[in-house]
Amino acid sequence: MTSQTLSSSASSPVPPEPIDIEQAEAALIEHYPRLVRLGYLVLPPALGRHRRVLTAHALAQRSLPRGRAATETPPLPTQRGYGGRTADPGYAYVRLRVLRAALTAERPRRIGRWELSWLPRVPPPLPQVLGLRLFPRSGGADELALDQALCTVSGAARAAYVLRDLEGMADADVRKLLAAAGVDDPHAALTEANGVRSPAGSRDRSLLESVEFDPCSLQARPTDLMRRRQHGRAAIAAVAALAVCGLLLGLPGDTWGRDGAAAPAYARNPAAQRALDPAKLHQVRPAAWQSSARTDFSAWPARGELTGDKELLRRALAVWARPGGQVNVTATPGTQAGPAAGPAQLLYAGEVDGASVVLLHDGLRVVRYAEPRGGEKGPVGLDFARTDTADTASSTAVLLTRSDGNARYLTAPWVTDVTVLNLLKPGDDGRVVKRREDGVTDPVTSPPLGQQRCGVWPALRITAQGGAKPYLLTDLGELTPARLTHGAPDAEPRDALGSAARASLARTACHLSTVSGGGVRTVNSWVFAEQRLPEGDGKASWVCTRAETWRGPGSRVLAQFQAPGKKPGTPGAVTAQAADSPVCGPRDQRVLSGVLWKSSEGDWHLLAAGSEPVASITATGGVTGSSDERLLAVPAKKGAQAELSATLKDGGELGPLK
């Protein structure tokens with residue numbers, strides 16, 4: 001009996017001490033950015049980023065107890081804080097208040113037992129920041145993928161995910177805290193949160209700690225909360241005055257006018273102010289490229305009939321520095337979309353296809369700004385492409401506009417001739433593309449990116465001054481077209497303009513859609529083996545295609561089997577694909593691939609081929625056979641599954657490309 005009594009006494013929780021307002025305010029001030037981030041992540045995405053930022057700050061600032069002498073007891077005194085430590089009671093209290101308020105924003109309104117989910121929700125009148133729209137800074141592709149995943153789950157599931165990933169809380173503590181915040185089924189919320197997949201990849205901290213989810217990225221901090229409670233009217237007047245001052249300080253000068261689609265400014269950094277001044281844009285002399293030591297974007301002169309339109313240039317620079325919510329911003333993977341560090345170089349400003357277009361270059365990126373002609377209201381676009389290691393060939397052309405299946409380019413000043421070819425026709429000599437005096441081309445048909453039908457694949461053959469060999473470029477859905485080359489990676493690849501290269505590229509072109517939109521700089525194809533087909537069906541080629549990106553990582557590799565076809569442009573069969581692999585490049589030229597092939601007589605065969613370092617090939621599993629050379633052909637059955645392996649000339653082993 002004594003033992004049972006002692007056990008019962010020991011397990012009884014000790015009532016926590018009440019939380020007074022000073023303790024809660026100290027926790028709020030110390031952990032303010034983290035509490036605002038928590039509220040921002042849990043609030044409904046339907047509010048929009050601007051309203052979520054303002055509401056998250058309001059929730060954090062309203063999380064204090066009622067009354068100066070109020071004493072309240074935290075319902076969960078043993079909550080865990082971020083980093084695995086036991087949460088400070090004051091922090092645990094205000095965290096619960098923020099969480100409860102954020103979850104309430106998504107619940108349907110009720111009057112008694114009646115639910116009013118059908119009634120549209122009107123945004124609260126306060127808080128308001130007149131003339132400003134606030135957005136956290138943009139992160140990378142991983143942060144965007146996680147944000148989209150969190151938008152698809154309920155508020156309770158978002159709260160569970162955030163508490164577990166950001167606060168480091170165990171599932172049991174998460175369930176307790178959700179129940180205290182008013183969630184009806186915490187277990188179901190955790191189960192739903194388990195379905196949110198964080199993007200793969202190594203990282204040293206949670207993605208939720210990124211600037212993408214930081215509503216305090218503008219260094220927003222609360223005022224004196226106690227004084228504001230005691231002097232409500234004075235605080236409201238102060239907030240209004242600060243909003244007006246912020247709007248006035250955001251204007252670079254009295255005569256600059258409005259900023260068009262740009263979000264209001266919030267800082268007066270000297271370098272940033274210089275970058276916003278159209279008069280400080282760097283404009284290269286028209287003939288400077290002829291004597292320049294470098295022939296890349298830095299040698300491009302400023303062209304176009306609107307290079308003197310200061311209002312257009314000012315709007316373009318302002319939108320670049322702080323794009324508003326109505327601006328459509330795109331960036332190739334690995335390209336930062338932030339403002340320029342200083343005055344940029346003007347490449348072009350003019351009217352093209354009903355739009356006013358400005359091209360800028362800051363040494364690392366090409367930036368395209370487009371608005372309706374004449375500054376009229378309408379959609380505004382801001383596009384970024386990485387060009388930090390551009391050479392003469394990759395600085396040949398930049399996309400100006402793309403509409404109705406056509407595209408216009410601005411060509412480099414050293415370009416003397418532009419011809420459009422159909423890659424699906426190896427014998428096509430092409431047609432000359434006319435250009436304006438400022439280097440803008442006539443409309444050129446765009447490739448069928450993302451379309452099922454592939455009846456034509458245009459490419460540009462560029463001829464430059466100085467006797468250099470022509471370049472072959474194609475549009476892969478980005479500002480800078482990709483260069484197409486052909487040849488083994490152990491030698492310097494050449495532009496795919498020879499007859500053999502054009503014949504191979506004709507059967508590869510329709511597969512280029514798989515590498516579009518990835519920030520591709522060059523695409524090189526090479527025939528790593530040729531094989532006589534069984535039953536006298538001719539000779540097939542094994543082709544490896546490698547797409548290199550501007551940023552380095554993100555390369556794509558395709559292995560193809562190109563059997564003899566009736567039409568030159570018949571796509572080859574893709575036998576294997578790989579991403580972020582050195583295969584088919586200068587670092588690794590060892591390739592092995594196989595395919596099930598049906599002869600003209602209706603018989604099935606397993607065919608395999610390896611590149612030059614391969615000495616022998618062996619097939620096991622559903623098909624067995626071996627060859628003492630780098631080509632293999634053995635009879636097989638339809639649908640057979642086989643495992644391939646190869647022995648290298650140096651004694652090593654090699655598996656098929658995957």
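Above this text is the structure in question.
Here the structure is a predicted model, which is why all the values come from computation and not from measurement.

About the cut-offs
- Residues numbered from 1 in each chain as written.
- Predicted model: local features only at pLDDT ≥ 70, side-chain atom pairs only at ≥ 80, totals over all residues.
- Heavy atoms only, no water.
- Pairing = 2+ DSSP bridges.
- Helix = DSSP H or I, 4+ residues; strand = E, 2+ residues; numbered from the N terminus.
- Axes fitted to C-alpha atoms, helices over the stretch in contact; angles between N-to-C directions.
- Buried < 20%, exposed > 50% of the residue type's maximum accessible area, 1.4 Å probe, protein only.
- Phe/Tyr/Trp six-rings, centres within 6.5 Å; stacked < 30°, edge-to-face > 60°.
- Lys NZ or Arg CZ within 6 Å of the ring centre and 35° of its normal.
- Expected span 1.5 Å × (residues − 1).
- Contact = heavy atoms within 4.5 Å.
- Lys, Arg positive; Asp, Glu negative; His and termini not counted.
- Salt bridge = Lys/Arg side-chain N within 4 Å of Asp/Glu carboxyl O.
- Polar contact = N/O pair within 3.5 Å; in protein donor to acceptor, adjacent residues only side chain to side chain.

Novice: Even after reading the chapter, I still don't get the sheet that holds strand β6 (residues 345-352), so can you show me in this structure?
Specialist: Pairing between the strands of a sheet is mediated by backbone hydrogen bonds and can be parallel or antiparallel. Across the sheet, which stays open at both edges, the 5 strands sit in the order β5-β9-β8-β7-β6 with mixed pairing between neighbours. Two strands in the sheet have a free side with no partner beyond their single neighbour: β5 (327-331) and β6. Between one strand axis and the next, the sheet turns through 15° on average, direction left out of account. Examined bridge by bridge, strand β7 (residues 355-361) and strand β8 (residues 365-372) share 7 bridges and lie antiparallel to one another.

Novice: Mind showing me how you'd approach the pairing of strand β20 (residues 539-549) here?
Specialist: Counting buried positions over the 11 residues of β20 gives 9, a clear majority of the element. Relative to β20, strand β19 (residues 520-532) is paired through 11 bridges, and the arrangement is antiparallel. Residue pairing for β20: W526 is matched across the bridge by C544. Of the strand pairs in this sheet, β20 and strand β21 (residues 556-562) are connected by 7 bridges, and their pairing is antiparallel. Opposite A547, over in β21, you have R556 as the bridge partner. Here β20 folds back onto β21 in antiparallel fashion, the turn holding 6 residues, of which G552 has a positive phi close to 100°.

Novice: Looking at this structure, how should I read the packing of aromatic side chains?
Specialist: The geometry of two aromatic rings is summed up by the distance between their centres and the angle between their planes. Tallied over the entire structure, the rule returns 6 aromatic pairs. Relative to W300, the ring of F297 has its centre 5.1 Å away and its plane inclined at 55°; by these criteria the two rings are tilted. The burial state of F297 is the same as that of W300; both residues are buried. Taking 6.4 Å as the distance between ring centres and 50° as the angle between the ring planes, the aromatic pair formed by F528 and W542 counts as tilted. Placement of the pair is F528 in strand β19 and W542 in strand β20, with a sequence separation of 14 residues. Accessibility assignment for this pair places F528 and W542 in one class, buried. Each residue in the set W526, F528, W542 and F561 is aromatic and connected to the rest through ring pairs, giving one cluster. Of note, R52 hangs over the ring of Y40, and the distance from its end group to the ring centre comes to 4.2 Å. One residue, R521, lies across the ring of W550, its end atom 4.4 Å from the ring centre.

Novice: What exactly am I supposed to notice about unusual backbone geometry here?
Specialist: Working note: non-glycine residues mostly have negative phi, and peptide bonds are mostly trans. Phi is positive for E535, close to 60°, though the residue is something other than glycine. Looking at where E535 falls in the secondary structure, it is placed in the loop between β19 and β20. Overall, E535 belongs to the partly exposed group, its relative accessible area being 36%. Positive phi, normally seen in glycine, also occurs at C584, with a value near 70°. Within the fold, C584 resides in the loop between β22 (573-579) and β23 (592-598).

Novice: Before we go on, may I ask you to explain the sheet that holds strand β24 (residues 604-610) in this structure?
Specialist: The antiparallel open sheet is built from 3 strands, whose spatial order is β23-β24-β27. Edge positions in the sheet fall to β23 and β27 (631-635), since each has one partner strand and no second. Averaged over all neighbouring strand pairs, the angle between strand axes comes to 15°, with direction disregarded. Sheet topology note: the β24/β27 ladder contains 5 bridges and is antiparallel. In the strand pairing of β27, A609 is matched with L631.

Novice: Would you mind showing me how to read helix α4 (residues 49-61) here?
Specialist: An α-helical turn contains 3.6 residues, so any two residues separated by three or four positions project in the same direction. Over its 13 residues, α4 runs 18 Å from end to end, which matches the ideal 18 Å to within 8%, given 1.5 Å per residue. Burial analysis of α4 places 12 of its 13 residues in the buried class, the great majority of the element. Where α4 is concerned, the buried positions are H50, R51, R52, V53, L54, T55, A56, H57, A58, L59, A60 and Q61.

Novice: How should I be thinking about helix α3 (residues 32-42) in this particular structure?
Specialist: Buried residues dominate α3, accounting for 10 of its 11 residues. Contacts from the buried residues of α3 go to α2 (21-30), α4, α5 (89-104) and α7 (155-165).

Novice: Sorry, what's going on with the side chain of R507 here?
Specialist: Position of R507 among the secondary structure elements: in the loop between α14 (499-506) and β19. Although R507 lies buried, it forms no salt bridge, and the closest oppositely charged side chain, E530, sits 11 Å away as judged by the N-O distance. Within polar-contact distance, the side chain of R507 engages the backbone oxygen of T570 at 2.8 Å. If we ignore the near neighbours within four places in the chain, the residues touching R507 are Q560, Q562, A563, P564, G565, P568, T570, P571 and G572.

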